[in-house]
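# Understanding the architecture of this molecule
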Amino acid sequence: MLDLDALTARRQLIDESPDLAALRDRLVERAAPVLARMPIVPPTKALLSRDGGICPDDRSPLVFDPWSPDDHRCPVCSRTFGSPHHHAHWARTQHLWVAERAAHLATICAMTGDQRAGARAREILAEYYTLYFDLPNRDNVLGPTHLFFSTYLESIWLLDYLSAAFILRELGVLDDSDIDQINAIADEAATIIAEFNEGLSNRQTWNSAALAAIAVWFGDEELALTAIEGRTGLLGHLGDGFGRDGMWFEGENYHLFAMRGLLVGLQWATVAGATLLDDDAVARHLAEAMMAPADTALPDLTFPARKDSRYGVSLAHPAYIESWEAGFAALGERAPAGLASWIAALYAVPPHEEATYDSYLHEAGEPKPHRRARSELSWWALLTMAPELPAADEPWRGRTVFLDQQGLAVIRHGETYVSLECGGRSGGGHGHPDRLHLTVHVGGVHWLPDPGAGSYVTPDLFWYRSTMAHNAPIEDGHDQRRLDSARCEAFAVNGDWAWCAATWTDARRRIVVGPEWMVDLFIFESAVPHRLELPWHLHGEYRLDAPMESIAEPSPNSFLSEMESCNLSDNPGGAIEVTATAGERTMRLRFAGDGELLRTRGPGLPGEQSLQPMLIRRHDGEQAAMATVLDFTGIVTAMDVAASTVRVHHGDVITTIEFGTTDVAITSAGRRIALGGARPPALGRATFVLDRPTPSRASAIWIDAAPALDGSLTGFSRRSPLALDDEHQYYRTELAYPGPDAFSATACLNWSDHELYLAVDVIKDDLIIRADDAPPLGLDNEPDDINTDSLQLYSNLPGHHIDGWLIRPHIDGRIIVRPIGAVSREAPSGRWSRTDRGYCVTLRVPTPGLADLLRHDRVGFDLIVNEMRSGRIRRAGQLIWTGGAGWAYLRGDRHDPAQLGEVELT
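Computed from a predicted structure; not experimentally measured. In every chain, residue numbers begin from 1 and rise along the written sequence. Totals for whole chains, interfaces and linings use every residue, but because this is a predicted model, local features are given only for residues with pLDDT of at least 70 and side-chain atom pairs only at 80 or more, for both listing and counting. Only hydrogens and water are set aside; all other atoms, that is, all heavy atoms of the structure, feed into the side-chain values.

### Notes on the pairing of strand S13 (residues 541-544)
- Exposure classes here rest on a 1.4 Å probe applied to the protein chains alone. A residue is buried below 20% of its type maximum, exposed above 50%, and partly exposed in between. Here a helix means four or more residues in a row that DSSP labels H or I, a strand means two or more in a row labelled E, and each is numbered from the N terminus. Going residue by residue along S13, you find Tyr542 and Leu544 tucked away on one face and Glu541 and Arg543 left uncovered on the opposite face.
- Two strands qualify as a pair provided that DSSP identifies no fewer than 2 bridges between them. Pairing geometry for S13 and strand S16 (residues 575-582), over 4 bridges, is antiparallel. Residue arginine 543 lies in a different strand from S16, and its bridge partner there is threonine 579.

### Quick notes on the sheet that holds strand S21 (residues 645-650)
- Read from one edge of the open sheet, 5 strands run S20-S21-S22-S23-S24, paired in antiparallel fashion. A single partner strand is all that each edge strand has here, and the edge strands are strand S20 (636-642) and strand S24 (671-675). Across this sheet, the average inter-strand angle for adjacent strands is 15 degrees, counted without regard to direction.
- Both S21 and strand S22 (residues 653-659) contribute to a ladder of 6 bridges, which runs antiparallel. Residue pairing in the sheet places threonine 645 in a bridge with glutamate 658 of S22. For every element, the axis is a line fit to its C-alpha atoms; helices are fit only across the contacting stretch, and the angle between N-to-C directions ranges from 0 to 180 degrees.

### Some details on the pairing of S21
- Side chains Val646, Val648 and His650 of S21 all project onto a buried face; the interleaved residues Thr645, Arg647 and His649 project onto a face where none is buried.
- Inspection of the sheet shows S20 paired to S21 by 6 bridges, in the antiparallel sense. Across the sheet, the residue bridging to methionine 639 is valine 648, located in S21.
- Following S20, the chain reverses through 2 residues before pairing antiparallel with S21; alanine 643 in that reversal takes a positive phi of roughly 55 degrees.
- Following S21, the chain reverses through 2 residues before pairing antiparallel with S22; glycine 651 in that reversal takes a positive phi of roughly 65 degrees.

### Details of the pattern of salt bridges
- Throughout this description, the term salt bridge denotes a Lys or Arg side-chain nitrogen within 4 Å of a carboxyl oxygen of Asp or Glu. Taken as a whole and judged by the stated rule, the model has 56 salt bridges.
- Of the charged contacts, one joins arginine 399 and aspartate 295 as a salt bridge, the two residues approaching to 2.8 Å between their closest N and O atoms. Of this pair, arginine 399 sits in the loop between helix H15 (379-384) and strand S3 (401-403) while aspartate 295 sits in helix H12 (residues 280-296), and the two are 104 residues apart along the sequence.
- Ionic contacts of the salt-bridge type, sharing partners, join the residues Arg26, Glu29, Arg30, Glu366 and Glu376 into one network.

### Regarding the side chain of serine 155
- With respect to the helices and strands, serine 155 occurs in helix H6 (residues 151-171).
- With a relative accessible area of 0%, serine 155 lands in the buried category.
- When checking whether two residues touch, look at their non-hydrogen atoms; a contact exists if any pair is within 4.5 Å. Sequence-distant contacts of serine 155, defined by excluding residues within four places in its chain, comprise Ile193, Trp206, Asn207 and Ala210.

### Let's talk about the nonpolar core
- Throughout, nonpolar core names a set of buried Ala, Val, Leu, Ile, Met, Phe, Trp, Tyr and Cys residues whose side chains join them through atoms within 4.5 Å. Ranked by size, the top nonpolar core spans 138 residues in total, and within it Leu125, Trp157, Trp324 and Trp342 carry the most contacts.
- Leave out the neighbours within four places in its chain, and tryptophan 324 touches Leu256, Met259, Met290, Pro293, Leu315, Leu339, Trp342, Ile343 and Leu346.
- The next biggest cluster of nonpolar side chains, apart from the first, holds 49 residues, and it includes Cys488, Met518, Cys566 and Phe632.

### Observations regarding the sheet that holds strand S4 (residues 408-413)
- Sheet architecture is open: 5 strands sit in the order S3-S4-S5-S6-S7, paired in antiparallel fashion. One side of each edge strand has no neighbouring strand; the edge strands of this open sheet are S3 and strand S7 (445-448). Strand-to-strand, the axes of this sheet are offset by a mean angle of 15 degrees, without reference to chain direction.
- Bridging between strand S6 (residues 438-442) and S7 involves 2 bridges; their strand directions are antiparallel. From the neighbouring strand, valine 440 faces S7, where its bridge partner is leucine 448.
- Running at roughly 60 degrees to S4, H12 makes contact with S3, S4 and strand S5 (416-421) of the sheet.

### Notes on H12
- Its 17 residues give H12 an end-to-end C-alpha distance of 25 Å, which sits within 8% of 24 Å, the value for a rise of 1.5 Å per residue.
- A bend of about 25 degrees at methionine 290 is the largest found in H12, and the proline proline 293 appears one to four places after it.
- By the criterion of burial, H12 is predominantly enclosed, with 13 of the 17 residues buried.
- One side-chain oxygen at the N-terminal end of H12 lies 2.8 Å from the backbone nitrogen of alanine 281; it belongs to aspartate 279. Helix span, as expected, comes to 1.5 Å for every residue beyond the first. To obtain the bend at a residue, axes are fitted to the seven residues ending there and to the seven starting there, and the angle between these axes is taken. Pairs of N or O atoms within 3.5 Å make up the polar contacts considered here, provided that, within protein, one atom can donate a hydrogen while the other can accept it, and that residues adjacent in sequence are counted only when both atoms are side-chain atoms.

### A word on the packing of H6 against helix H7 (residues 176-195)
- Two elements in contact, H6 and H7, have axes whose closest approach is 11 Å; the angle formed by their N-to-C orientations is 150 degrees. The angle between H6 and H7 places the two elements in the roughly antiparallel class. Helix-helix and strand crossings are classified by hand; for H6 and H7 the assignment is left-handed. Along its contact with H6, which presents Thr151, Glu154, Ser155, Trp157, Leu158, Tyr161, Leu162, Ala165 and Arg169, the element H7 presents Ile179, Ile182, Ile185, Ala186, Ala189, Ile192 and Ile193.
- Charged residues are taken to be Asp, Glu, Lys and Arg, nonpolar residues to be Ala, Val, Leu, Ile, Met, Phe, Trp, Tyr, Cys and Pro, and polar residues to be all remaining types, Gly included. Residues of the contact of H6 with H7, tallied by class, amount to 12 nonpolar, 2 polar and 2 charged. Working definition: roughly parallel below 35 degrees, roughly antiparallel above 145 degrees, roughly perpendicular at 65 to 115 degrees, and oblique for all remaining angles. Handedness of a crossing is defined here by the sense of rotation of the near helix relative to the far one, left-handed for an anticlockwise turn of less than a right angle and right-handed for a clockwise turn.

Structural data, given as structure tokens:
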């Protein structure tokens, strides 16, 4: 990413810097294996599957070994496995690793003059001249790509590939034939990446960085302007993705990923002549983004697994350290105070088992280093980081802070870390329904964790994305709605005490944290009765001091089992004590107030194979007050709660905590401490909000007698049909809409007192029916019948939940029906048959609630027709009656309720 003059200057700087020279020498040493033999370039397109890269026995990720394409070792049981899915999973990482090695070797050539390294890098580039185009751009999961299954992976690969190519071109290593071949790849990649613009997304930072690199390669000023300064370019993502508080809107995990992509892109922008950091506002906001993860870091310097984060990941991962090093160097004198001490603290963290990252594979296949050091980083650090890291004035210490746009309150006291989710920013598609979630990390133990998310391709993802998986409130058994925001009403610190007050719908949660214990008061007030549940996911083993009675009825939550209960009012003193133990550490909790305490079992943290115990506070009614004391040191002997006052007994002292709406008073041993900190409602960023288009509308025609339902239109009224025949109704993958003559549908919707009747006449020459004995695809956590010619049907009667069904033709004329989510009524029935131009499906859809409706009432409705094409393993696209156009990626059988149209009963 440096032109010849800059490469020459950098080489001199490296010679003069002990740190950079040590890194250069280490990179030369680490390049020996790829100089000794050509890396394996897999002639395989990567595949995302449930079982690829996972041990079938203990579900551990298999070790990535770049020199072993067929045998993949489990780090837990030491067995090796091989299968097409394992190989295709390995190919994903291998393509990225090989491109990274090309950039590594090109850098060595530039910084040492070693022509062998330049020749090997050129050889790697040449391996892709034809292979890139030979691998098909189809069957992708998230955006078009040749080598992978998602566009952002192609962007990461291309950034390393073009880095190597650009350096080699500057050094004169490439000839005209090489450059022509690389031009073809860059041009194709530009078309693919630019076409799949993901808007505001962590992935789009990498896509924009890749487009900036392509612009530099071609000298394309127009493309550079779009990639760097466009609304979804690098500046747009820095301005809108990282909030006022510096945190990326999708949380810490994606903050770190987006930050690295942004920094890589900014370096390409500099080569293009865009000196963005000369602007003080841009530099200041980047500095805020640099420090935001330090503000939320747990005491053990892992990041909290908020939203779709991995659990227990160290912030001292070299990929992250390298990003902070690059940011420190780029900001220079404007680097934020504390950044140097933060980086130094990360270097001091002992190495442990590190996760494998798509954007950093520098250590793959190597033994873990004994310590983290600047000399152990990658080629990118050699070209970017400062010659030396100044000594920190004082050790890094986390601070008590409220991140206003993220809506996260963090309270620290020594080894105590408490946070409360009290914001309205959901985190987009990676957000979780976890308003008022409580995290507690004390004495090196993560007592109340946020589990984050496990694998995206296993069914337990739906557990980790549920409210019940968090220490957060639930109303009437349903996940919190994304549209319901929480709000921080007060946040303040006074000496050893801190507090936070937050609200979500009819619930208020107040926490007061002291040096030895904390109080959590949860208050619920509503005009109508609700079932309120407040889960407590305690880490470690624990025991209760109260007898529990088994609950006979099955849990409505399919992830939970073995439920027991105890009424708090039946317990002496009105409180139940729970003692939690993790190793040599102990914490005691006392639960008091309304309702009952349930003990059950559910999924544990990601990676845990067995169900784990958990507690749930439950109360039915209009009002509830639930108080909990978390005792960090074992000094609390009793507690009681009355209205908004909690009294905590510890030794001979009674501390009284009186909660107000925006203030709290703490009285203990004659001393009174007041905490206020009232906060006005947070102002969101000004964004473009498009008016929702007028919903699609159609008519359901009354019929006196049921139609034949034999796969023909016999008995159906064909008045007011629903048409699915326009490109604006087509959600595509890699190929554009083929046109109504190749793929379209006409639907007739009729009704009677208790039932809807639907006929769907589909035009499609090549009907693909999934056989009963077809092996499972094992692709992801979506049903296989999504990836065949099939229908998705959604209806919503007033006052009811949405019912959804996935329907596919069976070879013998029957239909196979699968519910989508939890449905409230009998499944549809019917038949299908082939027609001259395709096939026709006829359905009876039992709808008892229709009897309560009148003519001209309206029902929510939508119809989707999935299109499968031969030679594919994933569907090609889908026609959606309510339309909108877009991409079929990641939609599965889920459907936005807001998109449903309206059907008038006539």
